[in-house]
Amino acid sequence: MSRGLPRRLLMLGAAAAAVPGQVRAQAWPNGPVRIVVPFAPGGSTDLSARFLAEGLSQRLGVSVVVENRPGAGATTGSQLVADSAPDGQTLVMSNIASHAISPSLYRNLRYDPVRSFTHIAMVITNPSVWVVNRDSGIRNLRDLVAQARERRGGLDMASSGSGSSNHLLIVRFSQMNGIEFTHVPFRGAGPAMTAVIAGQVPMMSDSLPSAAGHIRQGSVRAIAMSSAERHPSFPEVPTFREQGFDLVSTSWFALSGPAGLPPAITERLHRETMAVVGTPEARARFAELGGSPGDMTPQEFTAFVAEEVARWAPVVRASGATVD
Amino acid sequence: MKLNTKDLIGGGLLVLVAVVGLWLNQDHTLGTARRMGPGYMPMLSFWILLGLGAIVVLSGLFNGPDPLDKWTPLEIYAVPLGVVAFFIGYYLAGMVGFTGWYPLGFGALAGCLAFSVAPGWRPLGLVHAGMAVFGLMLEQFGLMVSIVGCVIVASLADPTHRVKGVLGMIVFLCVLCWFVFIRELDIRVPLWPVFLTQ
Amino acid sequence: MELLLTNLAHGFSVALSFENLLFALLGCVIGTAIGVLPGIGPVATISLLLPITFGQPATTAIIMLAGIYYGAQYGGSTTAILLNLPGEVSSVVTTLEGYKMARNGRAGAALATAALGSFFAGTVSTILVAASGPLLTQVALSFGPADYFSLMLLGLIISAVLAQGSVVKAVGMVVLGVSLGLVGTDVQTGQQRFTFGIPELSDGIGFVSIAMGMFGIAEIILNLERPESRSILSSKVGSLFLTREELKRATPSVLRGTALGSVLGILPGGGASLAAFGAYMMERRISKGRHEFGSGAIEGVAGPEAANNAAAQTSFIPLLTLGIPANAVMALMVGALIIQGIQPGPRMVEAQPDLFWGLIASMWVGNLMLLVINLPMIGVWVKLLQVPYRYLYPSILIFCSIGVYSLNNNVFDVYQTLFFGLFGYLCSKLRLEAAPMLIGFVLGPMMEEHLRRAMLLSRGDVMVFVERPISATLLAIGAIALITMLLPNIRKKKEEALAE
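Source: prediction; values computed, not measured. (Residues numbered from 1 in each chain as written. Chains lettered and ligands numbered in written order. Predicted model: local features only at pLDDT ≥ 70, side-chain atom pairs only at ≥ 80, totals over all residues. Heavy atoms only, no water.)

1. Quick notes on the overall build of chain B
So, point 1. The secondary structure content of chain B amounts to seven helices and zero strands.
So, point 2. The linear arrangement of helices and strands in chain B, starting from the amino end, is α-α-α-α-α-α-α.
So, point 3. The burial tally for chain B puts 49% of its 198 residues in the buried class.
So, point 4. Taking as baseline every contact in chain B between residues at least 6 positions apart, the subset at least 24 positions apart corresponds to 61%.
So, point 5. Put simply, chain B shows about 9600 Å² of open surface, and 77% of that area lies on carbon and sulfur atoms. (Helix = DSSP H or I, 4+ residues; strand = E, 2+ residues; numbered from the N terminus. Buried < 20%, exposed > 50% of the residue type's maximum accessible area, 1.4 Å probe, protein only. Contact = heavy atoms within 4.5 Å. Areas by Shrake-Rupley, 256 points an atom, 1.4 Å probe, with all protein chains shown as cover.)

Structure representation (structure tokens):
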């Protein structure tokens, strides 16, 4: 194990950061910074957080550690950060689940996705992509709608989970077109993709990074991308808009802290994050995975979160998914 | 009648869980066989559990005798005492102003200690009380102090312990846990009391 | 065949490079160490080490992570055998006979069986992965939700047979486990079930908490209550290695376990955890030593350990050929590869031959290393049992508490374990067995998921379970197993009636 960092110091610091204390803006960063990931290790939120942590620790000169606090639709970890001291030592990898969808899904949530946080920087955004089984006979969205009308109970449509942004995209699409569908939720994108490849379910709405490899390998066919324009890495996949369906949706992973973070810290973190994700290597790697580095000021990002909450609330209601 | 006390209580336990489960499951929509709601599978499993529990109870009426170990009166009284102590600890801690999981921890500690009044329950009560002490102290007093607390309480469960042995064990465990969990595995937990490092 | 040999030779040339060997060794050592510690599993460790792998070549990184994975399997069985502490789903079964063997003074033999059986299974399944990975993927793909449901149902029937005493009580415990598994967020609708408003329960009751509480902590108390059996535990150590008789008994079990584990391991989700249970059941029914089950039969260690390790290897097949992770550890592997800019999947064999064949070769190298590390260690581990129990049990308690806490960094898990310790004690006093309950707990949620998905896709037609050949076959096996299990009882009743 490489052990370049003073770990004992790190432990003490992490402990100190967990206890609400006085704001120590002057000497920031004061010991290690922890980024709470509200999901289990291994997912896209976790990976982007670890990537960011690696870059930030080099730039800030202190260790930046990732801490996984999964649970309750990414709200457990987010709540933890909302409750921490706004001293810049505890941050959260905010995302479309914890800060856009869950507030409508979980009615007794204690935090406000906009006001309980200081939104710092957008890290990665990526579109959703709809993929179909190769033998399904579906070549574009029109085929999809036609097949959905034919079958009793509509077409089976898979997603990585109930209440995920990919599921809600299916809900929006069906609402717009007045078609029936049978949503088949899975526990994560992997099993859902297996079912599509095996032909148990004809189509799936997936995030581009987890589907990118399968599309390149040709094990599934991509029929529509939810970005506003065609994705540079997949120029052959048309957007929803091009096919006459006005639907744009991006999934996002960002960096936020507790409300009331001193502006100087926010500014510094924003600058360093932009520097980490803006390097040519980072851009190239993101592009390959189907993501794009974020590009928003903290103000724009805060306004964006508010828009997102408003955008998803009616869709969540329509999907019938609630948690109490 | 050859009563099998173990089966009667065990089956009764299963029936109890099933009945409570079915009652709680009323909140969940059953759905249809095609589109099963969140309540469908619980309904199936709790009904099966109820049936199996009932069979265990019924057979327990005949396939005995298999009595429980003989309990002293003190052991019998300690059980309700422990349960009452749990709730008292839980609500008292809540009233005093502890939040989060602290009331649960105090409740568990009080319950386990009350249990230990009976000599027969001491291993059970004190080992679990040690765990409760560990949970209560870990986040504020740090790993080292929690180990000390937990080991001392848990050691009381075994009458053959000597003070010197316990002290040696505490030192050994503190060093070992520091090395394994802090230095090597780097788990996220304070090492020393938080109020000292502030 | 020739191509396979060329490829394997290429793989070994990669795996045997100094750096890769070093990191394979490192991975195995770390894996064994964390496997021995209760609570801390490969998932937590791999995610901690993930950033370190960013700077390594992809092949080296994945070889190290794979070493951690199967090192943890070995380590897990060590504590299961010595202390009745199953840290992983797969080592629950090992506790049943392994711990009994340790109590009989055959801890060394049990550990050696586990190590040798796992090594043999690892060797066979590595060849299998190399030779027929892509082919086996097709088998995995042909499993639909109905087939999975039937497989899980078969698993539950198996676990009822696994019980020591009354079948009805065992089935009751299985169903109780299934019910406990329902706690948490419903996958299909996102609704919270039986959580009492506790956010920590929204992802379900923790497996480690239940396993630690019902096996480890409850066992501590039972040992404290019987001072006489403790002294046996610490005085009798016996010969460290296998006797010829034991070797003869264990060999067929290892062969059977390897076969079963290799097949079940390729099924994503559930397959690998079913492997050990299935092997145990099989040994209990057909092995020569079946009459000794429950009092420390070596077959009950050999079969499941082989199956478990074979499944751990073949679970790489869906990852390497489809890019689909079979479990949480595999999901982390995908993450590690993606960070390196490699998308695992069918094209990986052509695009990254070094990685693909190097990993396969290193699986075998890793297994060999584990054997070399572990066999000499057996003596050291067995010495652990000679530590007076009054010093051993507080240490177990501390390690369990820290391990459980570190899962989610939450004291709730400590209290949860405390609760299951009390419950486990109660169950053992009432002769309600914990093992079937734990199996129900693991398989129950998966079973529900597949049942609901199968019914959703078939539009509510139950016939789907008998129309699909795989599902129908599995159900038929289950029915036969159930009948053969009940028949002796019925016959016995009849004989009793006649006798009167």
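2. Quick word on the interface of chain C and chain B
So, point 1. Contacts between chain C and chain B engage 66 residues on the former and 69 residues on the latter.
So, point 2. Buried area between chain C and chain B, both sides added, is near 6000 Å², and the carbon and sulfur share of it is 78%.
So, point 3. When the buried area of chain C at its contact with chain B is split by residue, F194, I402 and Y415 of chain C rank highest and sum to 11% of it.
So, point 4. Counting across the interface, chain C meets chain B through one salt bridge.
So, point 5. A salt bridge links D7 of chain B to K169 of chain C; the nearest nitrogen and oxygen atoms lie 2.5 Å apart.
So, point 6. For the interface between chain C and chain B, the tally reads nine residue pairs in polar contact (both at pLDDT 80 or more). (Buried area = accessible area lost by both parts, 1.4 Å probe. Salt bridge = Lys/Arg side-chain N within 4 Å of Asp/Glu carboxyl O. Polar contact = N/O pair within 3.5 Å; in protein donor to acceptor, adjacent residues only side chain to side chain.)

3. Considerations on the pairing of strand 1 (residues 33-37) of chain A
All names here are of chain A.
So, point 1. The buried fraction of strand 1 amounts to five of the five residues, a majority that puts the element mostly inside the structure.
So, point 2. Here five bridges tie strand 1 to strand 2 (residues 64-68), and the two strands are oriented parallel to one another. Directly across from R34, in strand 2, lies its bridge partner V65. (Pairing = 2+ DSSP bridges.)

4. Quick look at the pattern of salt bridges
So, point 1. A full pass over the atoms with the stated rule returns 21 salt bridges over all chains.
So, point 2. Here R468 of chain C and D147 of chain C are joined by a salt bridge, their closest N and O atoms 2.7 Å apart. With R468 of chain C in the loop between helix 21 (464-467) and helix 22 (469-499) and D147 of chain C in helix 7 (residues 145-161), this residue pair connects regions lying 321 residues apart in the sequence.
So, point 3. Of the residues examined, R468 of chain C reaches a relative accessible area of 30% and is grouped as partly exposed.
So, point 4. In this structure, E225 of chain C engages K429 of chain C in a salt bridge whose closest nitrogen and oxygen atoms are separated by 3.4 Å. A residue pair is termed long-range when its members are at least 10 positions apart, and E225 of chain C in helix 9 (residues 207-225) and K429 of chain C in helix 19 (residues 411-429) qualify at 204 residues.
So, point 5. The partly exposed category is assigned to K429 of chain C, whose relative accessible area is 26%.
So, point 6. Salt bridges linked by common partners bring R59, R268 and E272 of chain A together as one network.

5. Notes on helix 4 (residues 102-115) of chain B
So, point 1. The end-to-end C-alpha distance of helix 4 of chain B is 20 Å, a good match for the 20 Å that 14 residues give at a rise of 1.5 Å each.
So, point 2. Listed in full, the buried residues belonging to helix 4 of chain B are Y102, P103, G105, G107, A108, L109, G111, C112, A114 and F115 of chain B.
So, point 3. Where the residues of helix 4 of chain B are buried, they touch helix 3 (73-96) and helix 5 (122-155) of chain B together with helix 19 of chain C. (Expected span 1.5 Å × (residues − 1).)

6. Overview of the nonpolar core
So, point 1. V127 and L143 of chain B together with F207, I210, M214 and I398 of chain C are the most contacted members of the largest nonpolar core, which totals 165 residues.
So, point 2. In terms of residues, this core owes the most to one element, helix 5 of chain B, which gives 18 residues.
So, point 3. Summarising the domain contributions, this core has at least three residues from each of domain 1 (5-60) and domain 2 (73-197) of chain B.
So, point 4. Within the second largest apolar cluster, 53 residues are counted, among which are Y69, V329, A361 and V365 of chain C. (Core = buried A, V, L, I, M, F, W, Y, C linked by side-chain atoms within 4.5 Å. Domains from an automatic or database assignment.)

7. Overview of the environment of G60 of chain B
Residue and element names in this part refer to chain B.
So, point 1. Among the secondary structure elements, G60 is positioned in helix 2 (residues 40-60).
So, point 2. C-alpha of G60 to C-alpha of K6: the two residues are 54 residues apart in sequence and 7.7 Å apart in space.
So, point 3. With near-sequence residues (within four places) excluded, G60 lies in contact with K2, L3, N4, D7 and L8.

8. A few points about the packing of aromatic side chains
So, point 1. The full count for this structure, using the stated rule, is 28 aromatic pairs over all chains.
So, point 2. Measuring from centroid to centroid gives 4.9 Å for F98 of chain B and F106 of chain B, while their planes differ by 50°, and the two rings are tilted.
So, point 3. For F98 of chain B, a relative accessible area of 38% translates into the label partly exposed.
So, point 4. Site record: aromatic cluster; members linked through ring pairs are W130, F173, F240 and F245 of chain A.
So, point 5. Stacked on the ring of W312 of chain A, the Lys or Arg R172 of chain A has its end atom at 5.2 Å from the ring centre.
So, point 6. Lying across the ring of F186 of chain A, R453 of chain C places its NZ or CZ 3.7 Å from the centre. (Phe/Tyr/Trp six-rings, centres within 6.5 Å; stacked < 30°, edge-to-face > 60°. Lys NZ or Arg CZ within 6 Å of the ring centre and 35° of its normal.)

9. Looking at the packing of helix 9 of chain C against helix 20 (residues 434-457) of chain C
All names here are of chain C.
So, point 1. In the contact formed by helix 9 and helix 20, the axes pass within 11 Å of each other and the chain directions differ by 175°. The angle between helix 9 and helix 20 falls in the class roughly antiparallel. Within the contact between the two elements, helix 9 uses F207, I210, A211, M214 and F215 and helix 20 uses A434, A435, M437, L438, F441 and V442.
So, point 2. Split by residue class, the contact of helix 9 with helix 20 holds eleven nonpolar, no polar and no charged. (Axes fitted to C-alpha atoms, helices over the stretch in contact; angles between N-to-C directions. Parallel < 35°, antiparallel > 145°, perpendicular 65-115°, else oblique. Nonpolar A, V, L, I, M, F, W, Y, C, P; charged D, E, K, R; others polar.)

10. Some thoughts on the environment of P263 of chain A
So, point 1. Mapping P263 of chain A onto the fold places it in helix 9 (residues 263-278).
So, point 2. A C-alpha to C-alpha distance of 9.8 Å links P263 of chain A and I120 of chain A, two positions 143 residues apart in sequence.

11. Side note on the confidence of the model for chain A
So, point 1. In the predicted model, chain A carries a mean pLDDT of 79, and 88% of its residues have values of at least 70.
So, point 2. Taken element by element, the predicted model of chain A shows its lowest mean pLDDT in helix 1 (residues 7-18) of chain A (39) and its highest in strand 8 (residues 221-225) of chain A (92). (pLDDT = per-residue confidence, 0-100.)

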